[in-house]
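# Architecture at a glance
The chain contents come next:
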Amino acid sequence: MLNYLWAAMILIGIIVSILTGNLEGITPAALDSATEAVTVAITMLGIMAMWTGLMRVAENSGMISAISKRMGPLLRYLFPALPENSRALTYISTNLIANVLGLGWAATPAGLKAMEELQKINPDKKTASREMCMFMIINMSSLQIVTISVLAYRAQYNSVSPSEIIGPGLLATLISTVFAVAYTKIMERRVFGK
């Protein structure tokens, strides 16, 4: 499906360039964009390697485990049906910590493992459980203190102050997460009566 979307956008771009008389600009624009894509990818690779490494150090040092324990009351509120010793809680904690730090690429493996663990304890294997839905909602709302990728892009393009987006980014993601969790809890009460 995504291939069709990209093909349609490319085709529309070519048609618009023909209609506006800018057909000769397609080749230089494509080459410039390809060069820029490689440059951004190399920049992001270094940043991803550094932050993923820091997450691994935090995990191996026990820091993630300590933070997970402190997150216990919040996780019990969000996922009340999960047993306290569930491995899903560890993966959920790791995922949330990585997401809060803006490390989506480091959060993804933990998120996938969390969903696997949640599916193991799901009584109806064909329908997502409440815990699975809550986890997806939290991930989609994406609370972030530091948006590392956006900071990297802004620095890559010589922004005067790449970090000025931290405050607005935190506010926007905080609002989206609070509303997402509130909506999910309201729907849980309405559907399940709890």
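Residues numbered from 1 in each chain as written. Predicted model: local features only at pLDDT ≥ 70, side-chain atom pairs only at ≥ 80, totals over all residues. Heavy atoms only, no water.

### Some details on helix α1 (residues 2–20)
Short version of the rule: The helix count covers DSSP runs of H or I at least four residues long, the strand count covers runs of E at least two residues long, and both are numbered beginning at the N terminus. What a helix is expected to span follows from its residue count: subtract one and scale by 1.5 Å.
Its 19 residues give α1 an end-to-end C-alpha distance of 27 Å, which sits within 8% of 27 Å, the value for a rise of 1.5 Å per residue. Positive backbone phi, at 80°, marks G21, one or two positions downstream of α1.

### Looking at the pattern of salt bridges
The test is simple: One side-chain nitrogen of Lys or Arg within 4 Å of one carboxyl oxygen of Asp or Glu is enough to make a salt bridge. Buried residues are those whose accessible area, probed at 1.4 Å on protein chains only, stays under 20% of the maximum for their type, while exposed residues exceed 50% and partly exposed ones sit between those limits.
A full pass over the atoms with the stated rule returns 3 salt bridges. For E117, the salt bridge identified is with K120, shortest N-O distance 3.1 Å. Separated by 3 residues within a single helix, E117 and K120 lie in helix α6 (residues 104–120), roughly one turn from each other. Note on E117: relative accessible area 16%, which makes it buried. With its nearest N and O atoms 3.6 Å apart, the salt bridge here joins E188 to K185.

### Quick look at the packing of aromatic side chains
Our working rule: When two rings of Phe, Tyr or Trp (its six-membered ring) have centres within 6.5 Å they constitute a pair, described as stacked for plane angles under 30 degrees, edge-to-face for angles over 60, and tilted for the intermediate range. By definition here, charges over rings are those cases where NZ of Lys or CZ of Arg is within 6 Å of the ring centre and within 35 degrees of the ring normal.
All chains considered together, the criterion is met by 0 aromatic pairs. Above the plane of the ring of Y77 lies K185, whose end atom (NZ or CZ) is 4.6 Å from the centre.

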